[in-house]
Amino acid sequence: MPGSNVVIVESPAKAKTINKYLGDDYTVIASFGHVRDLPARDGSVRPDEDFAMEWELGDRSKRHIDEIAKAVKTADRIYLATDPDREGEAIAWHLSELLREKHLSDNRDVQRVTFNEITKSAVQTAMANPRAVSQELVDAYLARRALDYLVGFTLSPVLWRKLPGSKSAGRVQSVALRLICERESEIEIFKPQEYWSIGVGFTTPGGAAFTASLTQLDGKKLDKFGLPNREAAEAAVARIRPQAFAVASVERKQSRRNPSPPFTTSTLQQEASRKLGFGATRTMRTAQRLYEGVDIGGETVGLITYMRTDGVSLSQEAIESARGLIGSHYGERYVPEQPRVYKTAAKNAQEAHEAIRPTDLHRRPESVASHLEPDELRLYELVWKRTLASQMESAVLDQVAVDIASPSKDVVLRATGSVVVFDGFLKVYQEGRDDAEDDQQDRRLPAMEEGNDLTQGEIAPEQHFTQPPPRYSEASLVKRLEELGIGRPSTYASILQVLQDRNYVRLDKRRFIPEDRGRLVTAFLENFFHRYVEYNFTAELENQLDEISDGKIDWKTVLRDFWTAFDVAVNGTKDLTITQVLTTLDEELGSHFFPAPVEGGHDPRVCPVCREGRLGLKLGKMGAFIGCSRYPECRYTRPLAVANDENGEVQEGPRELGNDPETGLPVSVRRGPYGAYIQLGPAPATAAPPPPPPVEEPPADDKAGGKKAKAKKKPKDDTPKPKRVSLPKGMAAADVDLDTALRLLALPRAIGNHPETNEEISAGIGRFGPYLKHGSVYKSLTPDDDVLTIGINRAVDLLAGAAKKASAPAKTLGDHPKTGKPITMGSGRFGPYVKHGSVYASIPKATEPDSVTLEQALELIEAKVAKDAAKKGKAPKEAEPAAAEAGDDAVKEKKAPAKKTAAKAPAKAAATKTAAAAKSTKTTKAKDAAEAKAEDAKPEKTAARKKAS
């Protein structure tokens, strides 16, 4: 019997946690995220009708809305307890609108409640202080949704017509793509400059050794390029060698280093990327689980506060808790006199939310480790340490700079270093860096005094070259977007994911590299829609959305101003010809696709076939490509890529890397039907077919229709096959060198012994990608892990997660209403699934397994049965689905009983054909069974099985 109060939240996990904090008079039910959205078709937003918007229920929302409606009918009060941000407010508004349309909110009190953390006190406090749905926040959501829709559905058709094969990346995503492409262009035009440095080893009178760097020569201070080449460096070495040196001055000063503020969404994503190797999506998914609640000893508890926030402030309660914990565990020296108060620097910060912090700092990471998945524990520990460190005393460092000079002071060297006098917050946490730096300040110097004579040691000149700016990592790109005021906490993960899903960029060694199609779209937008990919314009639009949420500006005014100019820009491209587009893009991207030849090299624009035509960008139905200007006389084409051989061709065939030093066999990169791979040894020569056997006159009985003469067996090919290994996903074939290839060929490699079992853990690449092996246990590596570099600690973490999932018993959801047989939920090699009899149905990735209800399981199973039946061309049987592979359990295919034939086959040929077909079917089934059995020993499924399931 539903309670008289109904509380609606987004997710079942959140509902499960909150339900334990409220009494029997409350029914907590989930909406399963957004219940309505704009239909993905033209006309969902109508500017001519004052931006009227059409909404429709999601594919699976009807059932959830029906359940909510059923619960609400007997309720007196309805509480909308969705997340405390714009998206949460939008979901609350959609729910209230649906309830109003169904007349379910008539004579019922509908109120909005928000809480920053899912704890008993926070939930009860929120329920005691409800409010109305904020129309200002809803207006900001409506404006953002309309803007994104109008840009996507207006710009995409322009791209389809003028740039076949392309589509809009999105309003904000296009700006992020521009950042990545511009950085790549900077790298391509970068000219490295040579410079030298000279380090000299010295020994103090006490026998301590250290190194100093040359800073002055012949009375002139050397800048970075003071020694531009080898000749200058050797001349400086000749000046240093005969000199005697002494300490000219010792400069000491003390500095304080303050802790970083607690996490916002952006800084959490950045640090998780630097320190844990997590992508933005993985970080937010893990943080969501920590926020919504984790089972700790039979009690479901939210471990961190809301994870989508721009705020850096902490509640007074959290500050006092942190100071008490610091004093009791680290000593009063580590507690600053006054609490640290942080203020948001970003001018466009969202609503004043608290920073991301543990809901209870006394819940230390080691005390909850046994209840968390490895990813959850690592992220919780990161949040816990950062929060605690933010309220600790500053670190104190003694910085020392020592000048060392020759008697005439014409040669001066300097050594710098620092000593940590008091570690302060560094005892708990130190912020990571986006890119490694050579920080000599962290070196420690021996005690020296002015006038000390020093003994000269080795002189080490070192050549350097200036480096191009680094490609963006997920952390540095999020940081840059935040600096520019582009996007919001809840959008960063989706921005990066969309760019990868549409193949506009790829992640290689955790760095973004633009694909050629991404550069093409960016060049088009910059030339024909420049204003809409400008950083300032996009940031200003974000500011206007913030002003809408503050009630300072009308949301339709913002839409009108944007649409008026945007519509003119789109209409201005109607008369734009493909030739004009190609000419513009060819000029813009010519230096990329046709790099300037080295001295004496061939012109990359000359057609390699006819030697007369000029190569340039072309457009076809399938997208852009490179072709000859003399078409149709010359039909030379090549993919849209940079030529990588001396003939101006994009090399698709084998690329020789060198010889294996052990075997002397050639090592090459090749491309097969399943992607690029490394091969050791030459391709086996195609043997000439054996001569056909002499034609013999068959025996008389064979001529008369007796037995056929047996064909001679084909001789067995004993030619040894070369060793091959597939490239890991994300590794580009063009980037593979001999060293990397040899390391891949040497796989599997031993990582170390497991600390508990002492059994060896190895890493390798199999049919299903990179994996770890520990005894009989296999575990696939994540996209963020490198099979060549993964260490023992990370390997143990991954295997622990695999073991935890494997040991989890199947959960019974209930009995099937037709068969009475149980429906269970489990997790197998291919992910979470629900099972009924011999039917396995995978749980969608977007659905939290613990939130699956019996009704949802029935839907998944029925859909799987219908899908299997459609493949076989049969109507599905009720409650007796066909077998499907989804988990770790072996699934045996049931054999249909043979039907009795009513009549004999009319001809012997038909009987023979039927027998052959039966034999073929039997062989195929046996083969399938053998393959399924073999796959149980593998860490992942093949693409074909993934598609089938």
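You'll find the structure just up there.
The structure presented is a predicted model; accordingly, all values stated were derived computationally and were not measured.

What counts and how
- Residues numbered from 1 in each chain as written.
- Predicted model: local features only at pLDDT ≥ 70, side-chain atom pairs only at ≥ 80, totals over all residues.
- Heavy atoms only, no water.
- Helix = DSSP H or I, 4+ residues; strand = E, 2+ residues; numbered from the N terminus.
- Buried < 20%, exposed > 50% of the residue type's maximum accessible area, 1.4 Å probe, protein only.
- Contact = heavy atoms within 4.5 Å.
- Areas by Shrake-Rupley, 256 points an atom, 1.4 Å probe, with all protein chains shown as cover.
- Polar contact = N/O pair within 3.5 Å; in protein donor to acceptor, adjacent residues only side chain to side chain.
- Pairing = 2+ DSSP bridges.
- Axes fitted to C-alpha atoms, helices over the stretch in contact; angles between N-to-C directions.
- Core = buried A, V, L, I, M, F, W, Y, C linked by side-chain atoms within 4.5 Å.

**Student:** Lay out the overall build of the protein chain with the relevant residues and their values.
**Tutor:** When its secondary structure is counted, the protein chain shows 24 helices and 34 strands. Split into buried and exposed, the 949 residues of the protein chain put 45% on the buried side. Intrachain contacts of the protein chain at a sequence separation of at least 6 include 68% that bridge at least 24 residues. Of the roughly 50200 Å² that the protein chain leaves accessible, carbon and sulfur atoms contribute 51%.

**Student:** How would you sum up the side chain of H754? Please name residues and give values.
**Tutor:** Positionally, H754 belongs in the loop between β27 (749–753) and β28 (760–766). Judged by relative accessible area, H754 falls into the buried class, the value being 8%. Looking at H754, its side chain comes within polar contact range of the main-chain nitrogen of E756, at 3.1 Å. With sequence-adjacent residues up to four places away left out, H754 is seen in contact with E759, I761, H774, V796 and L799.

**Student:** Outline the sheet that holds strand β20 (residues 615–620), listing residues and values.
**Tutor:** Taken together, the 3 strands give an open sheet; going across it, the order is β20-β21-β22, and neighbouring strands pair in antiparallel fashion. Lying at the two open borders of the sheet, with one neighbouring strand each, are β20 and β22 (637–638). By the bridge criterion, 2 bridges tie strand β21 (residues 623–628) to β22 in an arrangement that is antiparallel. Its bridge partner lying in β22, I626 is registered against R638.

**Student:** Describe the environment of A13, naming the residues involved and giving the relevant values.
**Tutor:** Of note, A13 is situated in helix α1 (residues 12–19). Considered as a pair, A13 and E848 are 835 residues apart in the sequence and their alpha carbons are 7.8 Å apart.

**Student:** Now, about the sheet that holds strand β2 (residues 26–30): what can you tell me, with residues and values included?
**Tutor:** Taken in spatial order, the 4 strands make up an open sheet running β2-β1-β7-β8, and their pairing is parallel. At either end of the open sheet lies a strand with only one pairing partner, and these are β2 and β8 (109–112). Taken over all neighbouring pairs, the strand axes of this sheet differ in orientation by 20 degrees on average, direction set aside. Packing against the sheet, α1 makes contact with β1 (5–9) and β2, and its axis sits at approximately 165 degrees to β2.

**Student:** Describe the nonpolar core, and please don't skip the residues or the numbers.
**Tutor:** Core analysis: the biggest nonpolar cluster contains 136 residues, and F115, I304, F524, F529 and F566 have the highest contact counts within it. It is helix α5 (residues 135–162) that contributes the most residues to this core, 13 residues altogether. Once you skip the residues sitting within four places of it in the chain, F529 turns out to touch L155, V158, F524, F566, A569, V570 and T573. Formed by 27 residues, the second largest nonpolar core is a distinct cluster that contains I751, A763, L788 and A795.

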